[in-house]
Amino acid sequence: MGRRWIVLPLVLLIGSSVAAEEADNGVCDAGAIPVTRWESPHGEVPLSFEEWRAARPWPRDFSLGRVYHSAVRAAPDVDVIVNSELYDDIEAALGQYVAELESWGYVVTVDTASAAQTIPACEELRQYLADRHAAGLEGVVLIGDLPVPWFQMIDEFEGDDLRDDYEEFPIDLFYMDLDGEWADELHYDPQSQQMVPGPDGIFDTHEGGMEPEIWTGRMTASPLGDEVYLITNYLGKVHAFRTGANTLAERALVYVDDDWYPWAMQWSGDVGLAYGDRTNVYDPEETTAWDYRDRLDDDYEWIAVHAHSWPGGHGFVYNNGSSWSWFYAYEIPSIDPLALFYNLFACSNARYVEDGYMGGEYVFAPTRGLGAIGSTKTGSMLEFQDFYGPLGEGKEIGEAFRAWFEAQIKDGFEMWEKSWYYGMTLLGDPTLRPQAPAVSVAMTPESVELAPGETLVYTATVVNHADTSVTFVGYGDVSLPNGNPYPGNPVLGPITIVLGPNQVKSRSIQHVIPLGAPAGTYTYEGVAETLLGEEIDRDDFEFTVNASAG
Ligand SMILES: [Ca+2]
Ligand SMILES: [Ca+2]
Ligand SMILES: [Ca+2]
Ligand SMILES: [Ca+2]
């Protein structure tokens with residue numbers, strides 16, 4: 001049928017994003033800039049929803065089962081959902097992963113689920129997450145094959161009402177936005193090239209509160225080879241990262257091919273919110289596949305690569321843009337890049353339904369890879385400051401990604417933004433913190449509904465993320481329902497704490513609620529400071545004091 005693989009009409013689009021910084025109305029001055037169209041080196045086209053579903057014997061029925069829940073604590077934080085057939089084969093590595101999350105202060109639930117690929121299965125899993133979110137769920141880790149929600153749309157990149165192309169693609173925002181309205185009411189009619197009434201198993205409608213409430217990250221390895229080996233090996237790399245054995249130089253490579261040359265320094269500045277030390281490569285004749293390949297053993301914690309792409313690789317132009325050079329996904333396992341995290345400004349590079357998809361090859365590389373931001377469709381991240389800002393503050397990569405998505409949607413979600421962003425996904429463990437503070441603080445209350453005279457109990461956890469021992473000061477402050485500080489602050493400490501290299505310390509702390517405490521919602525803050533009084537990290541939780549017992 002000769003459908004072309006459409007990669008990044010980006011040049012045009014960036015015009016729209018720059019204009020959007022002022023007005024966010026999708027207006028752009030695109031007239032002078034040609035739309036880039038490209039065909040992959042061997043004529044590949046994207047896998048369609050029907051081809052994908054027919055390619056493997058997915059189970060018919062969806063089932064979901066609780067395997068594990070952290071003892072004692074209240075507010076659940078993280079749900080780990082594992083393909084039920086994969087679970088037994090990765091149990092040992094998964095057990096270590098969960099134990100480490102708990103030691104870092106997360107409350108963890110583990111569920112198994114089948115990979116039924118139907119709208120009802122996706123809706124059931126999402127409803128489960130929504131129910132859990134109402135009880136405090138902050139994020140979900142998806143391991144192995146699970147119901148994949150797909151979305152379909154006719155792109156509208158330019159904001160000038162000119163039609164772009166039809167695309168269907170996996171959409172992880174479906175599991176992040178838990179109170180918006182998603183529906184399958186339409187399908188694509190190739191004759192008229194329009195969306196027409198009638199469902200087809202692919203979501204096409206998204207309305208209401210579209211912002212994401214939780215973060216997600218996925219470990220999807222079945223399209224890459226031996227899934228059990230790849231996920232077990234990946235969880236081993238996560239363990240090594242958390243214990244200081246898988247670390248690289250604290251610096252970033254920002255690699256920008258010709259079409260985005262004018263934005264290279266601006267985008268490098270955005271990466272600078274998280275990485276002060278950067279190498280910028282953007283000379284059009286220098287940016288080629290062989291140059292990029294050569295840099296993959298240069299020791300960067302973070303790589304931001306901006307290139308035309310398809311799931312099987314990146315294309316870099318040279319000779320004044322007249323020649324293409326290719327870097328293929330299948331090269332990655334043998335190169336085994338010396339890099340941990342990637343931001344793939346690279347069309348469809350994270351399209352995790354395609355065999356050998358490149359984002360997966362980066363993340364599941366033998367020794368190092370840990371995470372990648374990318375897209376399952378044409379488009380990628382823009383407005384990078386909304387991502388690198390939270391990342392640089394030490395947030396989890398999943399939370400930085402969620403915060404970025406929220407920022408793009410909450411001021412209006414224009415068609416050009418949907419076209420750019422709907423495919424965005426996070427590959428790998430969303431709980432990793434590339435820019436973790438030297439010491440992190442986490443507090444987990446047992447119960448947050450209390451009466452005067454009852455006892456507030458919480459677990460405080462402090463983690464030293466450094467390879468050397470650290471001495472710092474910790475204390476706790478409470479704010480009253482009217483927002484004023486409690487006159488008896490600090491209610492805990494200040495105490496001087498010493499932690500050895502990568503040491504984790506947890507302690508249960510109790511406070512009796514005074515009989516005269518006014519009813520309402522209080523905030524409890526835990527703070528870690530240097531001996532000079534500079535803040536290192538803080539965490540907080542809210543608790544409610546009822547008017548009377550019971
Ligand atoms: Ca929402
Ligand atoms: Ca549909
Ligand atoms: Ca180039
Ligand atoms: Ca917006």
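One structure accompanies this document, and this report is about it. Keep in mind it's a predicted model, so treat the numbers as computed, not measured. (Residues numbered from 1 in each chain as written. Chains lettered and ligands numbered in written order. Predicted model: local features only at pLDDT ≥ 70, side-chain atom pairs only at ≥ 80, totals over all residues. Heavy atoms only, no water.)

**Some words on empty space enclosed by the protein**
Under the criterion given, the structure shown has 4 cavities of 30 Å³ or more. One number sums up the size of the largest cavity: a volume of about 110 Å³. Lining the largest cavity are 16 residues, with Asp145, Leu146, Val148, Arg218 and Thr220 sitting closest to its centre. Partitioned by chemical class, the residues of the lining of the largest cavity number 10 nonpolar, 3 polar and 3 charged. (1 Å grid on protein atoms, 1.4 Å probe; cavity = no way out; pocket = protein on both sides within 12 Å on 5 of 7 lines; lining within 4 Å. Points joined across faces, edges and corners; volume = space filled by probe spheres on them. Nonpolar A, V, L, I, M, F, W, Y, C, P; charged D, E, K, R; others polar.)

**Focus: the environment of Ala289**
Note on placement: Ala289 falls in helix 8 (residues 289-295). The class for Ala289 is buried, based on a relative accessible area of 1%. Taking the C-alpha atoms as reference points, Ala289 and Asn246, separated by 43 residues in sequence, lie 27 Å from one another. Those residues in contact with Ala289 that lie beyond four places of it in its chain are Phe316, Ser325, Trp326 and Phe327. (Helix = DSSP H or I, 4+ residues; strand = E, 2+ residues; numbered from the N terminus. Buried < 20%, exposed > 50% of the residue type's maximum accessible area, 1.4 Å probe, protein only. Contact = heavy atoms within 4.5 Å.)

**Some words on the layout of surface pockets**
Taken as a whole, the largest pocket spans an internal volume of roughly 910 Å³. Lining the largest pocket are 30 residues, and of these Asp77, Glu138, Glu396, Asp539 and Asp540 lie nearest its centre. Of all the secondary structure elements, the ones that give two or more residues to the lining of the largest pocket are helix 12 (397-410), strand 21 (439-445), strand 23 (455-464) and strand 28 (535-545). Looking at the lining of the largest pocket, its residues break down into 11 nonpolar, 6 polar and 13 charged.

**A look at the pattern of salt bridges**
Summed over the entire model, instances satisfying the criterion amount to 19 salt bridges. Arg295 is the salt-bridge partner of Asp291, the closest N and O atoms lying 2.8 Å from each other. Pair noted here: Asp291 and Arg295 are both in helix 8, with a separation of 4 residues, about one helical turn. Taking the relative accessible area as the measure of exposure, Asp291 reaches 16% and is therefore buried. A residue is classified by how much of its surface remains accessible, and Arg295, at 15% relative accessible area, is buried. Between Arg402 and Glu399 there is a salt bridge whose closest N-O contact spans 3.0 Å. Here Glu399 and Arg402 lie together in helix 12, a separation of 3 residues that amounts to about one turn. Of the two residues examined, Arg402 and Glu399, each falls in the buried class. (Salt bridge = Lys/Arg side-chain N within 4 Å of Asp/Glu carboxyl O.)

So far we have only geometry, and geometry alone does not tell us how the molecule works.
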